[in-house]
Amino acid sequence: MPAVLEDYQRNFLELAIESQALKFGSFTLKSGRQSPYFFNLGLFNTGKLLSNLATAYAIAIIHSDIKFDVIFGPAYKGIPLASIVCVKLAEIGGTKYQNIQYAFNRKEKKDHGEGGTIVGASLENKRIIIIDDVMTAGTAINEAFEIIAKENGQVVGSIIALDRQEIVNSEDRDGLSATQSVSKRYNIPVLSIVTLTDIITYLEGKISPEEKEKIQEYRQNFGV
């Protein structure tokens with residue numbers, strides 16, 4: 001059964017295509033795979049786009065009903081995401097989100113001023129959601145877990161913009177996707193604004209049969 005998209009998901013995908021953050025063609029990924037689509041969240045780079053992006057993240061978090069205290073953005077891409085989504089949660093989430101805090105890490109430890117590697121809220125004894133753009137091999141979130149553990153925080157979930165729903169290991173047909181692997185390893189939910197399934201649903205009637213076939217073939221080869 002096709003996925004049923006909510007308005008915020010449709011709006012996100014519309015703006016992703018409009019801004020060319022989501023493009024279709026032939027792209028070589030870091031994994032070496034030839035993908036028929038490419039996603040670059042960095043192209044959400046205007047006030048309008050960022051506001052709508054923050055809304056999409058915030059609604060997905062609100063719908064999950066995860067209880068948390070801090071939204072943590074791993075350097076570097078996670079830094080603006082954590083801050084704009086923290087603001088949007090306070091704007092649209094009601095009183096329960098008014099006091100949500102945000103934090104991010106420095107790549108290099110600061111040895112003057114306040115010192116340390118964490119900027120923003122303290123992570124100690126806090127329930128934390130990690131925010132990022134996409135999850136490929138799960139390397140970034142593994143590093144985030146290590147940082148948060150050193151600060152005595154507790155990760156209760158993670159959210160990304162796009163779940164590509166791809167197996168990590170192409171040789172293992174019974175393998176898990178990066179999001180499934182992280183969810184299983186750390187026993188946390190991994191949320192996303194949209195998935196590849198959502199993209200295919202949204203594109204119905206909007207792309208040529210040839211383009212659709214390439215995406216379907218890619219999913220058949222690498223999808224979970």
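Everything in this summary refers to the structure shown in the same document. For clarity, every value in this text was computed on a predicted model and none was experimentally measured.

### Structural notes on the overall build of the protein
Argument step 1. Along the backbone of the protein there are 7 helices and 8 strands.
Argument step 2. The C-alpha radius of gyration computed for the protein amounts to 18 Å, which stays within 12% of the reference 17 Å derived for 224 residues, consistent with globular compactness.
Argument step 3. Taken over the C-alpha atoms alone, the protein extends approximately 55 × 40 × 30 Å along its principal axes.
Argument step 4. In the protein, the share of contacts with a sequence separation of at least 24, taken over all contacts with a separation of at least 6, comes to 71%.
Argument step 5. Taken as a whole, the protein presents about 11700 Å² of accessible surface, with 48% of it coming from carbon and sulfur.
Argument step 6. Between the averaged position of the 24 positive side-chain charges in the protein and that of its 27 negative side-chain charges there is a distance of 2 Å.

### Description of the packing of helix H1 (residues 7-18) against helix H2 (residues 47-64)
Argument step 1. For the pair H1 and H2, the least separation of the axes is 10 Å and the interaxial angle reads 150°. Classed by the angle they form, the pair H1 and H2 counts as roughly antiparallel. Between H1 and H2 lies a crossing of left-handed hand. Facing H1, whose interface residues are Tyr8, Asn11, Phe12, Leu15 and Glu18, H2 presents Lys48, Leu49, Asn52, Leu53, Ala56, Ile59, Ala60 and His63.

### Remarks on a negative patch on the surface
Argument step 1. Judged by side-chain charge, Glu210, Glu211, Glu213 and Glu217 come together as a negatively charged surface patch.
Argument step 2. Mapped onto the fold, glutamate 211 is located in helix H7 (residues 209-222).

### Digging into unusual backbone geometry
Argument step 1. In this model, alanine 75 is joined to tyrosine 76 through a cis peptide bond whose omega is 5°.
Argument step 2. Relative to the helices and strands, tyrosine 76 resides in the loop between strand E3 (70-73) and helix H3 (78-92).
Argument step 3. Even without being a glycine, glutamine 20 presents a positive backbone phi close to 65°.
Argument step 4. Take glutamine 20: it is sitting in the loop between H1 and strand E1 (22-28).
Argument step 5. By relative accessible area, glutamine 20 is classed as partly exposed at 48%.
Argument step 6. Residue aspartate 65 is not a glycine yet carries a positive backbone phi of 60°.

### Here's the deal with the nonpolar core
Argument step 1. Among the nonpolar cores identified, the biggest contains 46 residues, and Phe12, Leu41, Phe44, Tyr57, Phe68 and Ile193 are the most heavily contacted of them.
Argument step 2. Secondary structure elements with two or more residues in this core: H1, strand E2 (34-39), H2, H3, strand E6 (127-131), strand E7 (154-163), strand E8 (190-195) and helix H6 (196-203).
Argument step 3. Per-element tally for this core: the top contributor is H2, with 9 residues.
Argument step 4. In contact with isoleucine 193, not counting residues within four places along its chain, are Tyr8, Gln9, Phe12, Leu53, Ala56, Tyr57, Ile160, Ala161 and Asp198.

### Overview of the environment of serine 64
Argument step 1. One can find serine 64 in helix H2.
Argument step 2. Among the polar contacts made by the side chain of serine 64, one reaches the main-chain carbonyl oxygen of isoleucine 61 at a distance of 2.6 Å.

### Overview of H3
Argument step 1. Here H3 spans 21 Å end to end across 15 residues, near enough to the 21 Å set by a 1.5 Å rise per residue.
Argument step 2. Along H3, the positions that sit buried rather than exposed are Gly78, Leu81, Ala82, Val85, Cys86, Lys88 and Leu89.

### Details of H6
Each α-helix winds once per 3.6 residues, and so residues spaced three or four apart point in a common direction.
Argument step 1. Of all the 8 residues making up H6, 7 are buried; the element is thus mostly covered by neighbouring parts of the structure.
Argument step 2. Those residues of H6 that fall on the buried side of the exposure criterion are Leu196, Asp198, Ile199, Ile200, Thr201, Tyr202 and Leu203.
Argument step 3. The inward-facing, buried residues of H6 contact H1, E1, E2, E7, E8 and H7.
Argument step 4. Looking at the residues trailing H6, positive phi occurs at glycine 205, about 85°.

### Focus on the packing of aromatic side chains
Argument step 1. With the rule as written, the count across this model stands at 8 aromatic pairs.
Argument step 2. Summarising the aromatic geometry, the rings of phenylalanine 12 and phenylalanine 44 are spaced 5.6 Å apart at their centres and angled 15° between planes, so their arrangement reads as stacked. Of this pair, phenylalanine 12 sits in helix H1 while phenylalanine 44 sits in the loop between E2 and H2; the two residues are 32 residues apart in sequence, bridging distant segments of the chain.
Argument step 3. When the centroid spacing of 6.4 Å and the interplanar angle of 25° are considered together, the rings of tyrosine 102 and phenylalanine 104 count as stacked.
Argument step 4. Judged by its relative accessible area of 16%, phenylalanine 104 is buried.
Argument step 5. Feature note: the residues Phe12, Phe39 and Phe44 constitute an aromatic cluster, connected by ring pairs.
Argument step 6. Here arginine 164 stacks its cationic end above the ring of tyrosine 37, 4.2 Å away from the centre of that ring.
Argument step 7. The ring centre of tyrosine 202 lies 4.4 Å from the NZ or CZ of lysine 206, which sits over that ring.

Thresholds, definitions, all that
- Position labels on residues start from 1 in each chain and follow its written sequence.
- Residues qualify for local features only when their pLDDT is at least 70, as the model is predicted, and side-chain atom pairs are given and counted only at 80 or more; totals for whole chains, interfaces and linings, by contrast, use all residues.
- Each side-chain value is derived from all of the structure's non-hydrogen atoms; neither hydrogens nor water enter the calculation.
- For the purposes of this entry, the term helix denotes a DSSP run of H or I that reaches at least four residues, the term strand denotes a run of E that reaches at least two, and both are numbered from the N terminus.
- Here the globule rule reads 2.2 Å times residues to the power 0.38, and the radius of gyration is calculated from C-alpha atoms.
- Between two residues, a contact is recorded if the distance between any of their heavy atoms is within 4.5 Å.
- Using the Shrake-Rupley algorithm and a 1.4 Å probe, accessible areas are obtained, with residue cover drawn only from the displayed protein chains.
- Within this scheme the basic residues Lys and Arg register as positive and the acidic residues Asp and Glu register as negative, but His and the chain ends are omitted.
- Throughout, a charge is located at the NZ atom of Lys, the CZ atom of Arg, the CG atom of Asp or the CD atom of Glu.
- For every element, the axis is a line fit to its C-alpha atoms; helices are fit only across the contacting stretch, and the angle between N-to-C directions ranges from 0 to 180 degrees.
- What sets the label is the angle itself: under 35 degrees gives roughly parallel, over 145 gives roughly antiparallel, 65 to 115 gives roughly perpendicular, and the rest give oblique.
- Crossings are sorted by hand: turned counterclockwise from the far helix by less than a right angle, the near helix makes the crossing left-handed, and turned clockwise it makes it right-handed.
- Each patch is built from residues that are more than 30% exposed by relative accessible area and take part in no salt bridge. Like charges join if they lie within 9 Å; nonpolar side chains (Val, Leu, Ile, Met, Phe, Trp, Tyr) join within 5 Å.
- When a carboxyl oxygen of Asp or Glu lies within 4 Å of a side-chain nitrogen of Lys or Arg, that pair is called a salt bridge.
- Three exposure classes are used, based on accessible area relative to the maximum for each residue type with a 1.4 Å probe and protein chains only: buried under 20%, partly exposed in between, and exposed over 50%.
- Nonpolar cores are built from buried Ala, Val, Leu, Ile, Met, Phe, Trp, Tyr and Cys residues. Side-chain atoms within 4.5 Å join them into one set.
- We define a polar contact as two N or O atoms separated by no more than 3.5 Å, with the added condition that, inside protein, one atom must be a possible hydrogen donor and the other a possible acceptor, whereas residues neighbouring each other in sequence contribute only through side-chain atom pairs.
- Take the number of residues in a helix, subtract one, and multiply by 1.5 Å to get its expected span.
- Two rings from Phe, Tyr or Trp (for Trp, the six-membered ring) form a pair when their centres sit within 6.5 Å of each other. Planes less than 30 degrees apart are called stacked, planes more than 60 degrees apart edge-to-face, and all others tilted.
- Whether a charge sits over a ring depends on NZ of Lys or CZ of Arg being within 6 Å of the ring centre and within 35 degrees of the ring normal.

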